[in-house]
Amino acid sequence: MKATGFAGIVLAALIGPASAAEVNLYTTREPGLIRPLLDAYTAKSGVTVNTVFVEKGLAERVAAEGARAKADVLMTVDVGNLIDLVDRDLAQPVRSSVLEAAVPATLRDADGRWFALSMRARVLYADKDLSDLKAITYEGLADPKWTGGLCLRSGQHPYNTALIAHHLVKHGPEKTEAWLRAVKANLARKPAGGDRDVARDILADTCQIGIGNSYYVGLMRSGRGGPEQQKWGDGIKVVMPTFAGGGTHVNISGAVVSKTAPNREEAVKLLEYLVSDEAQGLYAKADYEYPVKAGAPIDPLLTSALGPLTIDAVPLVEIARNRKAASLLVDKVGFDN
Amino acid sequence: MTGAASALSPTVRPRALAWSAAALALCALVLSPVVALVVAAGEGSGALWPHLVAHVLPQALWDTGLLLAGVGALVIVLGAGSAWLVAAYEFPGRRLLEAGLLLPMAVPTYIIAFAYLDLMHPIGPVQTTLRDMLGYARPRDLVLPELRSLPGCILLLGFVLYPYVYLPTRALFLMQAANLIEAARMLGRSPSATFFRIALPMARPAIALGASLALMEALNDIGAAEFLGVRTLTVQVYATWVNRSDLAGAAQIALVMLVAVVALVAVERWARAGRGFAGTAQRPRRLARRRLTGFRAWGALGLGLMPVAIGFAIPASYLVHSALRRVMRSGLPETILAEIGHTLLYAGVATVIAAALGFVVAAGPGLLSRRFGRALIRVASLGYALPGAILAIGLLGPLALADATLAAGTMQLFGVAPALIGLGTGGALVTAYLVRFLAVSIGTCEAGLGRVPRSLPDAGRMLGRGPGATLARVQLPLAWPAVVSGALLVFVDCVKELPATLLLRPLNVETLATHLYGEAARGTYEDGTVAALLIVAVGLVPVVVLLRLGTPRADHADRRLTEPRP
């Protein structure tokens, strides 16, 4: 029994998975997050979804695998990573009336080379004692009244570089540099850890406010990460920030069909499933993300915590284009030092 | 005597040639990712450098330098100090301590960072209890130093990496330094003078080897450093590569780091050149331990237990506690058995190959021209100096090239191309482990062979045995404990390895490390603790074996030293 199991592993390692209908998904997203969706898809269609979670170097691996690559669908978080795949010529155009109907034009490539699948907002976590704090702008994070009161993860993390890139598009490099310096001056501790640590640090009085992704609020409060995290989630208040005179900064998770996809048809079918009402609902349920499809349900835990979401008008592509400049700016102001 | 003579000897020549060819192939394998990096670096411009010089490097160099200095000092103090304690003194609990001191080796740096951040956080169990005891109401009433800092990172890395120094240093105290140490004692030197004037200088090669391995681990660490907010050069390589999609720039920084590391290693080698301490063919005495009594004995035990507690017992208990809670709440993760299987399979295969290659490469200087053999050792050890993910990225090109060559060949012969074999199979993973950790196996084998009195292989050769036979019949049995400990170190390293595993593993393959990383990446630490605990547990198996090998085998080796087989 043991020996056959071992031999099975050896065989699987040597020849790779095989089945009649299958689709190979390379993802920078932890597969546990999308597993419920993929399982639902397999149950419905009978198609096996093979996955590998390649957090760093996805594009390099697919490029190296070349013409005989196994990858069908490449899935990433952060629009910059998605557009990178297109820029490196690793994606192929897809024409699908289903995808075009479901994903708003601002959240997909005009030529069908990338599609957003889910959305998250960068929101404010705050100390519950700040009862007067009802609204805040991203620009307002630089207000000296927050000196020593702000917690953030690394400025080099894609979630933060995207936000800084967004500020760059809105206000230009000089104002953004001044803003970032002022934000740095407000930091209570060195940028480190993840978004959840911001909530935990607010609870510990290390800081009063911080920025984190919207879905963590749902994840923490749902208690799925354990009672500790539920305490962190319940211990903070959450405010939906906006840019002055604009809307909230959102980022996406999305996917492309690999240029060399051996199972192209199946790849497109998987994407079409992922933007269906059912899957979009599951995104909200499983991950507390916002659906990209209009009218798909949003988890009540999110709506009750955050209220309505007004997305800022700056196109995601513009933000992605400024990502590198934002990253260099983080170095320049020594944000993480 | 073995050097030039054997290379010229006509009877040995064909075998030596075959050996050289194999050695060169190995060098090519290890060098291939470096070459790929050079190519990648060449594709970029130098445009990044003014920015790096102005805004990144000063801080990164400073942080990296302090981190290495701090971790280096800590691993030497903890490693050599504890090795001396258990080698030179007898006290209640000593044997247990001797074993326990190795345990932190089973804890990966990223796991210790996760565990301690949870434990030491202002609202974590330690500070909460402390506040309750002192009667403080809120966290701000009692602010302790922040763990997410350079000193915090140094402490955590130092306490899990010191066994790299402890292991070889203890062996050296036990086996080799005994005669001189006892002479010093008999001449009335104080214990501290004996330690600082005799034992420590003699242990320098072992300390240097261990410290350099520990420092490589510290330099390549990405999980703990990033998590604790320390901006090392390695973190900057990642930032350049991942956040700016600038592989060329990342490769340029990585190459500069590589050059710096190679230069440092060369300086270290040069500084201890000619200071090898090969044993004599006479039976070396075991060091007689001084018996400690009363409070001294308890003091010694307490002192020795401190690194075990901080580096192992505390984080491991925390993991046990969290994992138990996880299992009570929602049972064992369904995929865990398959993950254990994958982990053991890939790490196991890589370990066996690394041990065999490591021994042969380490024996190179005795087999062939000494200079060629030593050059080979340096090249084959290079993979260890590269950050894991950079090495994995560098391997993508060569693996793809191998695939393309193979496909072209089979197309010509059979008219069909096979699926990718180099990339996206277990082969890629094993190759990565091998390139990365061969240095560990070589290093320990080198140390083991260095302890074999030079007169023995020379005698073998004079009695008409070829170099291969001498190696197999004389040196291998004598250096066997070192070969096994090297292999076990490689095994633990492979089980813990993360960045290359993340990038290169096949579809649907999770190892314990990637499982844990996935859970940490989506913030469900609790779900990851079972995997974390298993990684630590898997790491413990070799530690236990190391110990069983350690003391009794040392006696065994003593006997073999005096009674070499005909």
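The rules we used
- Residues numbered from 1 in each chain as written.
- Chains lettered and ligands numbered in written order.
- Predicted model: local features only at pLDDT ≥ 70, side-chain atom pairs only at ≥ 80, totals over all residues.
- Heavy atoms only, no water.
- Helix = DSSP H or I, 4+ residues; strand = E, 2+ residues; numbered from the N terminus.
- Rg over C-alpha atoms; globule rule 2.2 N^0.38 Å.
- Buried < 20%, exposed > 50% of the residue type's maximum accessible area, 1.4 Å probe, protein only.
- Contact = heavy atoms within 4.5 Å.
- Areas by Shrake-Rupley, 256 points an atom, 1.4 Å probe, with all protein chains shown as cover.
- Lys, Arg positive; Asp, Glu negative; His and termini not counted.
- Charge placed at Lys NZ, Arg CZ, Asp CG, Glu CD.
- Buried area = accessible area lost by both parts, 1.4 Å probe.
- Salt bridge = Lys/Arg side-chain N within 4 Å of Asp/Glu carboxyl O.
- Polar contact = N/O pair within 3.5 Å; in protein donor to acceptor, adjacent residues only side chain to side chain.
- Nonpolar A, V, L, I, M, F, W, Y, C, P; charged D, E, K, R; others polar.
- pLDDT = per-residue confidence, 0-100.
- Phe/Tyr/Trp six-rings, centres within 6.5 Å; stacked < 30°, edge-to-face > 60°.
- Axes fitted to C-alpha atoms, helices over the stretch in contact; angles between N-to-C directions.
- Expected span 1.5 Å × (residues − 1).

Participant: Summarise the overall build of chain A; cite the residues concerned and give the values.
Facilitator: A count of helical and extended segments in chain A gives 14 helices and ten strands. Against the compact-globule benchmark of 20 Å for 337 residues, chain A has a radius of gyration of 21 Å, which places it among compact chains. Principal-axis analysis of the C-alpha atoms places the extent of chain A at approximately 60 × 45 × 40 Å. Looking at chain A as a whole, 62% of its 337 residues are labelled buried. Sequence-distant contacts in chain A: of pairs separated by 6 or more residues, those separated by 24 or more amount to 78%. Accessible area for chain A stands at about 12,000 Å²; split by element, carbon and sulfur atoms hold 57% of it. Averaged over its 39 positive side-chain charges, chain A has a centre that lies 2 Å from the centre of its 39 negative ones.

Participant: Go over the interface of chain A and chain B with me, naming the residues and quoting the values.
Facilitator: Facing the 67 residues of chain A at the interface are 67 residues of chain B. Around 5,500 Å² of area is buried between chain A and chain B when both sides are counted, 53% of it from carbon and sulfur atoms. Connecting chain A to chain B are eight salt bridges. A salt bridge links B:D118 to A:R200; the shortest N-O distance between them is 2.9 Å. The interface formed by chain A and chain B includes 21 residue pairs in polar contact (both at pLDDT 80 or more). Ranked by residue count, the leading element in the side of chain A that touches chain B is helix α14 (residues 323–332) of chain A, at six residues. Among the residues forming the side of chain A that touches chain B, the class breakdown is 26 nonpolar, 17 polar and 24 charged.

Participant: I'd like a rundown of the confidence of the model for chain A, residues and numbers included.
Facilitator: With 94% of its residues at a pLDDT of at least 70, chain A reaches an overall mean of 91. Per-residue pLDDT stays below 50 along residues 13–19 of chain A; that stretch engages in eleven contacts with residues further than four places along the chain or on separate chains.

Participant: Tell me about the packing of aromatic side chains, and please be specific about residues and values.
Facilitator: In this structure the tally under the stated criterion is eleven aromatic pairs over all chains. The interplanar angle of 50° and the centroid separation of 4.5 Å between the aromatic rings of A:Y215 and A:Y216 together place this pair among those described as tilted. Seen in terms of ring centroids, B:Y238 and B:W241 are 6.1 Å apart; in terms of plane orientation they differ by 55°. Their pairing is tilted. With a gap of three residues between them, B:Y238 and B:W241 both fall in helix α13 (residues 233–244), about one helical turn apart. Looking at B:Y238, the relative accessible area reads 4%, which means it is buried. Since its relative accessible area comes to 3%, B:W241 is described here as buried. Taken together, the ring pairs in this structure connect B:W84, B:Y89, B:F173, B:F195 and B:F196 into an aromatic cluster.

Participant: Mind laying out the packing of helix α3 (residues 48–88) of chain B against α13(B), listing which residues take part and the relevant values?
Facilitator: All names here are of chain B. Contact geometry of α3 with α13 gives a least axis separation of 9 Å together with a crossing angle of 145°. In this structure, α3 contributes L48, H51, V56, L57, A60, L61 and T64 to the contact, and α13 contributes L233, Q236, T240 and R244. Looking at the contact of α3 with α13 residue by residue, the class counts come to six nonpolar, four polar and one charged.

Participant: Break down the side chain of B:T169 for me, with residues and values.
Facilitator: Residues and elements named next belong to chain B. Its location among the elements puts T169 in helix α8 (residues 163–175). Judged by its relative accessible area of 0%, T169 falls in the buried class. In terms of polar contacts, T169 uses its side chain to reach the backbone carbonyl oxygen of V165, at 2.6 Å. Once residues within four sequence positions are removed from consideration, T169 is found in contact with A80, A83, A203, A206 and I207.

Participant: So what's going on with unusual backbone geometry? Residues and values would help.
Facilitator: Unlike most non-glycine residues, A:D205 shows phi in positive territory, near 65°. Structurally, the position occupied by A:D205 is in the loop between α7 (195–203) and β7 (209–213). Although it is not a glycine, B:N508 sits at a positive phi angle of roughly 60°. Inspection of the secondary structure assignment puts B:N508 in the loop between α22 (499–504) and α23 (512–521).

Participant: If you had to explain helix α5 (residues 109–120) of chain B to someone new, which residues and values would you point to?
Facilitator: If you check α5(B), its first and last C-alpha atoms are 16 Å apart, about what twelve residues at 1.5 Å a residue would give, namely 16 Å. If you check which residues of α5(B) are buried, you get B:T109, B:Y110, B:I111, B:I112, B:A113, B:F114, B:A115, B:Y116, B:L117, B:D118 and B:L119.

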